[in-house]
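A closer look at the structure
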Amino acid sequence: MKMLMNIKMIPSVLFILLFIAIYYIQTESDQISGKMSKANALSLLPKGELIKRVSLGYSSVMADLLWLEVVQAIGEKEPAESGYQWIYHATDVVTTLDPKFEYAYQIAGIALSALGKQYELSNQILLKGIRNRPDDWRIPYYLGFNYFFYLKDYQNDADYMSR
């Protein structure tokens, strides 16, 4: 019975893999032709849960590959047409694939607040990092910094900095 169910899932898994392959081919061809920046392509990523299902157990590898794309896009000379909101979406996908990827939380939190002035999105990704990496002192520190320096909310600053 279980084997029969696995065989029935093959067409849907192949369809999803085909969809992802078409997405990557299209975004790469758009980038080559100059129509779409890396950042804009990353804003079109499907949800992390979908990618995790089709990664066949290699979700950490997928997270690493996507993170390399995110870092390169952050380093582009011109920001994306949509601003910096794409950093939140792409990092949310990466950290859904690998919830323990502490560096992604840190860099995205800093980039969203310092570069993009997206303080609420920065705080959201940092809060996700605190939930998934309660052992890392830097994530609450960056969140406290956001509250202190950008939002002037000294009570929340003190709460997160004390962690």
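The structure under discussion appears in the preceding block.
Here's a quick rundown of the structure. Here the residue numbering is sequential within each chain, running from 1 through the sequence in written order. Reporting of local features is limited, given that this is a predicted model, to residues whose pLDDT is at least 70; pairs of side-chain atoms are given and counted only at 80 or more, and all residues count toward the totals for whole chains, interfaces and linings. Excluded from the side-chain calculations are hydrogens and water; all other atoms, namely the structure's heavy atoms, are used.

In summary, the pairing rule links any two rings of Phe, Tyr or Trp, Trp by its six-membered ring, whose centres are within 6.5 Å, and it sorts them by plane angle into stacked for under 30 degrees, edge-to-face for over 60 and tilted for everything else. Within this structure, the stated rule accounts for 9 aromatic pairs. Ring centres of W67 and F101 lie 5.8 Å apart, and the angle between their planes is 65°; on these two criteria the pair is classed as edge-to-face. Residue W67 is located in helix α4 (residues 59–74), and its partner F101 is located in the loop between α5 (85–97) and α6 (102–114); the two are separated by 34 residues in the primary sequence. When the centroid spacing of 5.1 Å and the interplanar angle of 15° are considered together, the rings of F145 and F149 count as stacked. Placement of both F145 and F149 in helix α8 (residues 138–150) is noted, with a separation of 4 residues, approximately one turn of the helix. Here F149 falls in the partly exposed class, since its relative accessible area comes to 44%. Working definition: helices are DSSP H or I runs of at least four residues, strands are E runs of at least two. Numbering for both runs from the N terminus. Type-normalised accessible area, obtained with a 1.4 Å probe on protein chains alone, sets the label of each residue: buried when under 20%, exposed when over 50%, and partly exposed for intermediate values.

Summarising the element assignment, Q85 is placed in helix α5. By relative accessible area, Q85 is classed as partly exposed at 35%. Distance from Q85 to N40, taken between C-alpha atoms, is 10.0 Å for residues 45 residues apart in sequence. Any two residues having at least one pair of non-hydrogen atoms within 4.5 Å are treated as being in contact. Beyond its immediate sequence surroundings of up to four residues, Q85 is in contact with Q118 and L121.

Honestly, it's all geometry; don't read function into it.
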